[in-house]
Amino acid sequence: MHDLAVIIVTWNVRDLALDALRSLYADLDSSGLSATVYVVDNNSSDGTVDAVRAAFPAAHVIASAENLGFVRGNNAAINLLAADPPRAVYLLNPDTITQAGATRALFDALMRDPSLGLVGAGLHYGDGSFQHSAFAFPGLRQTWIEFFPVPGRLIESRFNGRYPRALYAAGDPFAVDFVLGATMLLRYEVVAQTGGFDEAFFMYCEEIDWAWRIRQAGWRVACVPAAPVIHLGGQSSAQVRAQATLYLWQSRLRLFARLHPAWKQRALRWIITLGMTRLAARAHDPALRDVYLTIRRLARDHTGAA
(Lines give C-alpha, C1' and ligand atoms only; values in the text may rest on other atoms or scores of the structure.)
Protein backbone atom coordinates (compact mmCIF):
# COMPACT_ATOMS: atom_id res chain seq x y z
CA MET A 1 0.00 0.00 0.00
CA HIS A 2 1.49 3.35 -1.01
CA ASP A 3 1.35 6.27 1.38
CA LEU A 4 -0.46 9.04 -0.39
CA ALA A 5 -2.75 10.02 -3.27
CA VAL A 6 -2.75 13.77 -3.88
CA ILE A 7 -5.71 15.27 -5.75
CA ILE A 8 -5.73 18.78 -7.25
CA VAL A 9 -8.79 20.14 -9.08
CA THR A 10 -8.20 22.98 -11.56
CA TRP A 11 -10.27 25.44 -13.57
CA ASN A 12 -8.52 28.16 -15.60
CA VAL A 13 -5.65 28.61 -13.14
CA ARG A 14 -2.84 27.16 -15.27
CA ASP A 15 0.07 29.18 -13.89
CA LEU A 16 -1.06 28.79 -10.30
CA ALA A 17 -1.52 25.05 -10.78
CA LEU A 18 1.98 24.71 -12.22
CA ASP A 19 3.44 26.57 -9.23
CA ALA A 20 1.41 24.41 -6.84
CA LEU A 21 2.65 21.23 -8.49
CA ARG A 22 6.29 22.38 -8.53
CA SER A 23 6.24 23.05 -4.81
CA LEU A 24 4.33 19.85 -4.07
CA TYR A 25 6.69 17.60 -6.05
CA ALA A 26 9.74 19.29 -4.50
CA ASP A 27 8.34 18.58 -1.05
CA LEU A 28 7.35 15.01 -1.92
CA ASP A 29 10.83 14.30 -3.30
CA SER A 30 12.37 14.97 0.11
CA SER A 31 9.54 13.51 2.20
CA GLY A 32 10.24 9.79 1.88
CA LEU A 33 6.57 9.26 1.09
CA SER A 34 5.36 7.16 -1.83
CA ALA A 35 2.78 9.29 -3.58
CA THR A 36 0.70 9.51 -6.73
CA VAL A 37 -0.61 12.88 -7.93
CA TYR A 38 -3.95 13.31 -9.73
CA VAL A 39 -4.95 16.53 -11.49
CA VAL A 40 -8.62 16.85 -12.41
CA ASP A 41 -9.17 19.70 -14.86
CA ASN A 42 -12.68 21.13 -15.18
CA ASN A 43 -12.62 21.87 -18.91
CA SER A 44 -10.25 24.83 -18.64
CA SER A 45 -9.79 27.10 -21.64
CA ASP A 46 -6.29 28.30 -20.67
CA GLY A 47 -4.25 25.26 -21.68
CA THR A 48 -3.97 23.81 -18.17
CA VAL A 49 -4.17 20.19 -19.32
CA ASP A 50 -1.39 20.42 -21.91
CA ALA A 51 0.83 22.50 -19.62
CA VAL A 52 0.51 20.06 -16.70
CA ARG A 53 1.10 17.03 -18.90
CA ALA A 54 4.21 18.62 -20.39
CA ALA A 55 5.69 19.80 -17.09
CA PHE A 56 4.72 16.83 -14.91
CA PRO A 57 4.48 13.64 -16.96
CA ALA A 58 4.22 11.53 -13.80
CA ALA A 59 0.95 13.19 -12.80
CA HIS A 60 -2.30 11.47 -13.72
CA VAL A 61 -4.29 14.16 -15.56
CA ILE A 62 -8.05 13.72 -15.85
CA ALA A 63 -9.39 16.13 -18.46
CA SER A 64 -13.11 16.55 -17.89
CA ALA A 65 -15.30 17.58 -20.82
CA GLU A 66 -17.41 19.67 -18.42
CA ASN A 67 -16.93 21.78 -15.33
CA LEU A 68 -17.54 19.27 -12.56
CA GLY A 69 -16.91 21.78 -9.83
CA PHE A 70 -14.66 21.24 -6.81
CA VAL A 71 -16.80 18.53 -5.22
CA ARG A 72 -17.44 16.25 -8.19
CA GLY A 73 -13.92 16.87 -9.47
CA ASN A 74 -12.37 15.57 -6.27
CA ASN A 75 -14.82 12.68 -6.09
CA ALA A 76 -13.96 11.66 -9.66
CA ALA A 77 -10.36 11.08 -8.61
CA ILE A 78 -11.27 9.58 -5.22
CA ASN A 79 -13.40 6.97 -7.00
CA LEU A 80 -10.34 5.81 -8.95
CA LEU A 81 -8.48 4.92 -5.75
CA ALA A 82 -10.65 1.97 -4.70
CA ALA A 83 -8.71 -0.50 -6.87
CA ASP A 84 -5.40 0.37 -5.19
CA PRO A 85 -6.13 2.43 -2.07
CA PRO A 86 -3.40 4.52 -0.44
CA ARG A 87 -2.98 4.99 3.29
CA ALA A 88 -4.15 8.59 2.98
CA VAL A 89 -5.77 10.97 0.49
CA TYR A 90 -4.57 14.57 0.26
CA LEU A 91 -6.91 17.13 -1.31
CA LEU A 92 -4.87 20.20 -2.25
CA ASN A 93 -6.03 23.43 -3.86
CA PRO A 94 -4.22 24.69 -6.98
CA ASP A 95 -3.71 28.11 -5.36
CA THR A 96 -1.28 26.73 -2.78
CA ILE A 97 2.50 26.70 -2.41
CA THR A 98 3.73 23.81 -0.29
CA GLN A 99 6.58 24.71 2.05
CA ALA A 100 9.43 22.31 2.78
CA GLY A 101 8.41 19.48 5.08
CA ALA A 102 4.70 20.32 5.11
CA THR A 103 3.39 17.15 3.49
CA ARG A 104 5.41 14.86 5.75
CA ALA A 105 4.37 16.82 8.84
CA LEU A 106 0.70 16.46 7.89
CA PHE A 107 1.02 12.77 7.13
CA ASP A 108 2.90 12.01 10.33
CA ALA A 109 0.42 13.94 12.47
CA LEU A 110 -2.47 11.99 10.95
CA MET A 111 -0.86 8.59 11.32
CA ARG A 112 0.55 9.21 14.80
CA ASP A 113 -2.91 9.59 16.36
CA PRO A 114 -5.32 6.75 15.55
CA SER A 115 -8.30 8.88 16.58
CA LEU A 116 -7.63 11.43 13.83
CA GLY A 117 -9.49 11.07 10.56
CA LEU A 118 -8.73 14.43 8.95
CA VAL A 119 -5.99 17.06 9.31
CA GLY A 120 -5.25 20.36 7.61
CA ALA A 121 -2.11 22.46 7.22
CA GLY A 122 -1.12 25.71 8.87
CA LEU A 123 -1.94 28.29 6.20
CA HIS A 124 -0.35 31.63 5.35
CA TYR A 125 -1.18 34.29 2.76
CA GLY A 126 1.10 35.02 -0.17
CA ASP A 127 2.94 37.72 1.80
CA GLY A 128 3.65 35.25 4.58
CA SER A 129 1.11 36.67 7.00
CA PHE A 130 -1.09 34.50 9.20
CA GLN A 131 -4.24 32.89 7.78
CA HIS A 132 -6.84 31.07 9.84
CA SER A 133 -6.68 27.42 8.81
CA ALA A 134 -9.57 25.96 10.79
CA PHE A 135 -12.88 27.06 12.24
CA ALA A 136 -15.78 26.12 14.48
CA PHE A 137 -18.97 25.05 12.74
CA PRO A 138 -20.89 28.17 11.59
CA GLY A 139 -23.99 29.31 13.42
CA LEU A 140 -25.88 32.42 14.49
CA ARG A 141 -22.94 34.50 15.67
CA GLN A 142 -20.75 33.97 12.61
CA THR A 143 -23.67 34.65 10.28
CA TRP A 144 -24.55 37.89 12.09
CA ILE A 145 -20.95 39.09 11.73
CA GLU A 146 -21.16 38.48 7.96
CA PHE A 147 -23.59 41.39 7.65
CA PHE A 148 -23.57 43.68 10.66
CA PRO A 149 -20.92 45.62 12.60
CA VAL A 150 -19.59 44.20 15.86
CA PRO A 151 -16.67 45.20 18.10
CA GLY A 152 -13.42 44.49 16.30
CA ARG A 153 -12.11 42.25 19.06
CA LEU A 154 -14.87 39.74 18.27
CA ILE A 155 -13.83 39.23 14.65
CA GLU A 156 -10.74 37.20 15.57
CA SER A 157 -12.33 35.42 18.53
CA ARG A 158 -14.20 32.19 19.22
CA PHE A 159 -17.35 34.30 18.94
CA ASN A 160 -16.65 34.29 15.18
CA GLY A 161 -15.55 30.66 15.03
CA ARG A 162 -11.81 31.38 15.15
CA TYR A 163 -9.28 29.44 17.21
CA PRO A 164 -6.73 31.37 19.31
CA ARG A 165 -3.52 32.27 17.55
CA ALA A 166 -1.66 30.90 20.55
CA LEU A 167 -2.71 27.40 19.45
CA TYR A 168 -1.17 27.98 16.02
CA ALA A 169 1.98 29.49 17.53
CA ALA A 170 2.49 26.48 19.81
CA GLY A 171 2.99 24.33 16.70
CA ASP A 172 1.28 21.20 17.98
CA PRO A 173 -1.80 19.68 16.32
CA PHE A 174 -5.00 20.94 17.96
CA ALA A 175 -8.59 19.73 17.70
CA VAL A 176 -11.00 21.73 15.52
CA ASP A 177 -14.47 21.41 14.05
CA PHE A 178 -13.25 21.64 10.45
CA VAL A 179 -10.20 22.63 8.41
CA LEU A 180 -10.23 24.89 5.38
CA GLY A 181 -10.70 22.95 2.14
CA ALA A 182 -7.38 24.19 0.71
CA THR A 183 -5.55 21.31 2.43
CA MET A 184 -7.37 18.20 3.61
CA LEU A 185 -5.44 15.03 4.43
CA LEU A 186 -7.64 12.05 5.31
CA ARG A 187 -7.13 8.41 6.18
CA TYR A 188 -8.36 6.34 3.28
CA GLU A 189 -10.55 4.30 5.62
CA VAL A 190 -12.31 7.54 6.61
CA VAL A 191 -12.87 8.39 2.95
CA ALA A 192 -14.31 4.91 2.34
CA GLN A 193 -16.45 5.05 5.47
CA THR A 194 -17.93 8.52 4.92
CA GLY A 195 -18.17 8.46 1.13
CA GLY A 196 -16.25 11.55 0.04
CA PHE A 197 -17.76 14.97 -0.60
CA ASP A 198 -21.54 15.21 -0.81
CA GLU A 199 -22.33 16.17 -4.41
CA ALA A 200 -25.37 18.14 -3.29
CA PHE A 201 -22.76 20.88 -2.76
CA PHE A 202 -21.44 22.17 -6.09
CA MET A 203 -18.93 24.41 -4.34
CA TYR A 204 -18.53 25.94 -0.87
CA CYS A 205 -19.30 24.37 2.52
CA GLU A 206 -18.52 20.90 1.22
CA GLU A 207 -15.49 20.61 3.51
CA ILE A 208 -17.61 21.70 6.49
CA ASP A 209 -20.26 19.10 5.71
CA TRP A 210 -17.66 16.35 5.27
CA ALA A 211 -15.86 17.27 8.50
CA TRP A 212 -19.22 17.17 10.31
CA ARG A 213 -19.93 13.69 8.92
CA ILE A 214 -16.41 12.54 9.82
CA ARG A 215 -16.93 13.70 13.40
CA GLN A 216 -20.37 12.06 13.47
CA ALA A 217 -18.64 8.81 12.47
CA GLY A 218 -16.42 9.03 15.57
CA TRP A 219 -13.22 10.51 14.17
CA ARG A 220 -11.41 13.66 15.30
CA VAL A 221 -10.28 16.57 13.13
CA ALA A 222 -7.14 18.63 13.75
CA CYS A 223 -5.10 21.52 12.42
CA VAL A 224 -1.34 20.97 12.09
CA PRO A 225 0.44 24.36 12.29
CA ALA A 226 3.83 22.67 11.82
CA ALA A 227 2.82 21.87 8.23
CA PRO A 228 3.19 25.29 6.51
CA VAL A 229 1.37 25.92 3.22
CA ILE A 230 0.85 29.25 1.46
CA HIS A 231 -2.77 29.67 0.35
CA LEU A 232 -3.44 32.47 -2.13
CA GLY A 233 -7.21 31.93 -1.96
CA GLY A 234 -10.25 32.30 -4.21
CA GLN A 235 -8.50 32.34 -7.57
CA SER A 236 -11.09 30.30 -9.49
CA SER A 237 -14.20 31.73 -7.85
CA ALA A 238 -12.95 35.31 -8.33
CA GLN A 239 -13.49 34.82 -12.05
CA VAL A 240 -17.25 34.60 -11.53
CA ARG A 241 -17.94 36.69 -8.43
CA ALA A 242 -21.73 37.02 -8.66
CA GLN A 243 -22.24 33.34 -9.45
CA ALA A 244 -19.81 32.33 -6.71
CA THR A 245 -21.75 34.43 -4.18
CA LEU A 246 -24.96 32.64 -5.11
CA TYR A 247 -23.28 29.22 -4.82
CA LEU A 248 -21.89 30.20 -1.40
CA TRP A 249 -25.25 31.03 0.13
CA GLN A 250 -27.09 28.17 -1.51
CA SER A 251 -24.53 25.86 0.10
CA ARG A 252 -24.75 27.61 3.45
CA LEU A 253 -28.54 27.23 3.55
CA ARG A 254 -28.16 23.54 2.78
CA LEU A 255 -25.46 23.16 5.42
CA PHE A 256 -27.48 24.97 8.09
CA ALA A 257 -30.37 22.57 7.44
CA ARG A 258 -28.06 19.67 8.32
CA LEU A 259 -26.23 21.13 11.28
CA HIS A 260 -28.94 22.97 13.19
CA PRO A 261 -32.40 22.39 14.66
CA ALA A 262 -35.46 24.06 13.13
CA TRP A 263 -35.53 27.03 15.52
CA LYS A 264 -31.93 27.94 14.74
CA GLN A 265 -32.52 27.55 11.01
CA ARG A 266 -35.40 30.04 11.24
CA ALA A 267 -33.17 32.50 13.10
CA LEU A 268 -30.38 32.05 10.55
CA ARG A 269 -32.74 32.66 7.64
CA TRP A 270 -34.03 35.82 9.36
CA ILE A 271 -30.45 37.12 9.72
CA ILE A 272 -29.67 36.28 6.08
CA THR A 273 -32.85 38.00 4.88
CA LEU A 274 -31.95 41.19 6.77
CA GLY A 275 -28.34 41.03 5.64
CA MET A 276 -29.11 40.51 1.96
CA THR A 277 -31.60 43.38 2.02
CA ARG A 278 -28.84 45.57 3.41
CA LEU A 279 -26.30 44.43 0.82
CA ALA A 280 -28.72 44.85 -2.09
CA ALA A 281 -29.47 48.43 -1.05
CA ARG A 282 -25.75 49.25 -1.11
CA ALA A 283 -24.71 47.30 -4.21
CA HIS A 284 -23.43 49.24 -7.23
CA ASP A 285 -23.05 46.16 -9.44
CA PRO A 286 -26.49 45.23 -10.86
CA ALA A 287 -25.48 41.57 -11.18
CA LEU A 288 -24.50 41.39 -7.51
CA ARG A 289 -27.66 43.25 -6.46
CA ASP A 290 -29.75 40.66 -8.30
CA VAL A 291 -27.82 37.86 -6.59
CA TYR A 292 -28.38 39.39 -3.14
CA LEU A 293 -32.11 39.62 -3.82
CA THR A 294 -32.15 36.03 -5.08
CA ILE A 295 -30.42 34.84 -1.92
CA ARG A 296 -32.91 36.81 0.19
CA ARG A 297 -35.74 35.00 -1.56
CA LEU A 298 -34.03 31.64 -1.07
CA ALA A 299 -33.62 32.37 2.64
CA ARG A 300 -37.29 33.25 2.96
CA ASP A 301 -38.49 30.25 0.97
CA HIS A 302 -35.94 27.65 2.09
CA THR A 303 -37.69 24.44 3.08
CA GLY A 304 -34.83 23.10 5.16
CA ALA A 305 -34.07 20.32 2.64
CA ALA A 306 -30.63 18.91 3.40
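Residues numbered from 1 in each chain as written. Predicted model: local features only at pLDDT ≥ 70, side-chain atom pairs only at ≥ 80, totals over all residues. Heavy atoms only, no water.

Turning our attention to unusual backbone geometry. Phi is positive for asparagine 43, which is not a glycine, with a value near 60 degrees. Checked against the element boundaries, asparagine 43 lands in the loop between strand S2 (35-41) and helix H2 (48-55). Looking at asparagine 43, the relative accessible area reads 43%, which means it is partly exposed. Backbone geometry places cysteine 205, a non-glycine residue, at a positive phi of 70 degrees. Looking at the element boundaries, cysteine 205 is found in the loop between helix H8 (188-194) and helix H9 (206-216). The exposure class of cysteine 205 is buried, given its relative accessible area of 6%. (Helix = DSSP H or I, 4+ residues; strand = E, 2+ residues; numbered from the N terminus. Buried < 20%, exposed > 50% of the residue type's maximum accessible area, 1.4 Å probe, protein only.)

On to the side chain of aspartate 41. Along the polypeptide, aspartate 41 turns up in strand S2. Buried and unpaired, aspartate 41 has no salt bridge, with arginine 53 as the nearest side chain of opposite charge at 9.0 Å. Here threonine 10 takes part through its side chain, which lies 2.7 Å from a polar atom of the side chain of aspartate 41. The contacts of aspartate 41, once residues within four sequence positions are left out, are Thr10, Trp11, Thr48, Val49, Ile62, Ala63 and Ser64. (Lys, Arg positive; Asp, Glu negative; His and termini not counted. Salt bridge = Lys/Arg side-chain N within 4 Å of Asp/Glu carboxyl O. Polar contact = N/O pair within 3.5 Å; in protein donor to acceptor, adjacent residues only side chain to side chain. Contact = heavy atoms within 4.5 Å.)

A few words now on the nonpolar core. Membership of the largest hydrophobic core comes to 75 residues, with the highest contact counts inside it found for Leu4, Leu91, Leu185 and Trp210. The contact partners of leucine 91, leaving out residues within four places of it in the chain, are Ile7, Asn74, Ile78, Gly181, Ala182, Thr183, Met184, Leu186, Phe197 and Trp210. Counting 18 residues, the second largest nonpolar core, distinct from the first, contains Phe147, Leu248, Ile271 and Ala299. (Core = buried A, V, L, I, M, F, W, Y, C linked by side-chain atoms within 4.5 Å.)

To continue, consider the pattern of salt bridges. Considering all chains together, one arrives at 12 salt bridges under this definition. Residue arginine 215 is joined to aspartate 177 by a salt bridge in which the shortest nitrogen-to-oxygen separation is 3.5 Å. Here arginine 215, found in helix H9, pairs with aspartate 177, found in the loop between strand S8 (174-175) and strand S9 (178-179); they are 38 residues apart in sequence, far enough to count as distant. Residue arginine 215 is classed as partly exposed on the basis of its relative accessible area of 35%. One salt-bridge network, held together by shared partners, links Asp198, Asp209, Arg213 and Arg258.

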